Amino acid sequence: MSKFKDALERGKAAHHRQAGRADVVAPTADFGAEARAWLNNVVLASLEAAKAEVARDVTIDIDSKPRREVKALAPSVRFQIYTTGGLGKAGRTTFTISVAISGEVSVSAPGMVAEVVGNIGERSGERFRNWLAKLIEDTAKGT
């Protein structure tokens, strides 16, 4: 019986030590909030800048709040990109940029294999901007 009491006391002491450390360690941010912040700071900012820069050749429509996913754990952003020429709506492609629980940011579209274009741990978002520039160039060429 004394072994059981000793183990119980050690467990209580460990719990108290752990509770004491919780005050010292900074609380972890909510993943959904961190992912939405990355999408706003990197993705939406890049899309808005690109939209203004290439307005003569390519049109970018941004839907930053998909209907069912406003409070989703893994938020996403949708956008369409198409040439402003005679293609009209037939040439539009809708891309979805989503954040996985691992922090990887991927982009997908109908008929396209999802491609990793960044990570919310990367604050610069350079990979996403490079991918977006390539996509705009391909769209402008008509490929």
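Residues numbered from 1 in each chain as written. Predicted model: local features only at pLDDT ≥ 70, side-chain atom pairs only at ≥ 80, totals over all residues. Heavy atoms only, no water.

Visitor: Please explain the packing of helix α2 (residues 31–53) against helix α3 (residues 126–141) as it appears in this structure.
Guide: A packed helix pair is summarised by two numbers, namely the angle formed by the two axes and the spacing between the axes. As a packed pair, α2 and α3 sit with axes 11 Å apart at the nearest point and diverge in direction by 30°. Between α2 and α3, the angle falls in the class roughly parallel. α2 and α3 meet at a crossing whose hand is right-handed. Where α2 approaches α3, its residues W38, V42, V43, S46, L47 and A50 are matched on the opposing element by F128, R129, L132 and I136. When grouped by side-chain class, the residues that make up the contact of α2 with α3 number eight nonpolar, one polar and one charged. (Axes fitted to C-alpha atoms, helices over the stretch in contact; angles between N-to-C directions. Helix = DSSP H or I, 4+ residues; strand = E, 2+ residues; numbered from the N terminus. Parallel < 35°, antiparallel > 145°, perpendicular 65-115°, else oblique. Left-handed = near helix turned anticlockwise from the far one by under 90°. Contact = heavy atoms within 4.5 Å. Nonpolar A, V, L, I, M, F, W, Y, C, P; charged D, E, K, R; others polar.)

Visitor: Which parts of the structure should I look at to understand the packing of aromatic side chains?
Guide: The geometry of an aromatic ring pair is captured by two quantities: the separation of the ring centres and the angle between the planes. In total, this model carries four aromatic pairs according to the counting rule given. Between F79 and W131, the aromatic rings sit 6.5 Å apart at their centres with planes inclined by 80°, giving edge-to-face as the arrangement. In this pair, F79 sits in strand β2 (residues 76–83) while W131 sits in helix α3, placing the two residues 52 residues apart along the sequence. In this structure, F79 and W131 share a single accessibility class: buried. Ring centres of F128 and W131 lie 6.0 Å apart, and the angle between their planes is 35°; this geometry places the pair in the tilted category. Placement of both F128 and W131 in helix α3 is noted, with a separation of three residues, approximately one turn of the helix. Per residue, the accessibility class of F128 equals that of W131, and both read buried. An aromatic cluster is built from F79, F95, F128 and W131, whose rings are joined through pairwise contacts. (Phe/Tyr/Trp six-rings, centres within 6.5 Å; stacked < 30°, edge-to-face > 60°. Buried < 20%, exposed > 50% of the residue type's maximum accessible area, 1.4 Å probe, protein only.)

Visitor: I keep staring at the sheet that holds strand β5 (residues 112–119) and nothing clicks. Help me out?
Guide: Each strand in a sheet pairs with another by means of backbone hydrogen bonds, the pair being arranged parallel or else antiparallel. The sheet built from five strands is open, its strands ordered β1-β2-β3-β4-β5 with antiparallel pairing. Single-partner strands in this sheet number two, and they are β1 (58–63) and β5. Neighbour-to-neighbour, the strand axes of this sheet turn through a mean angle of 25°, independent of strand direction. Note: strand β4 (residues 104–109) against β5, five bridges, orientation antiparallel. Bridging across to β5, V107 finds its partner in E115. In this fold α3 packs onto β1, β2, β3 (93–99), β4 and β5, with an angle of close to 30° to the strand it touches most, β2. (Pairing = 2+ DSSP bridges.)

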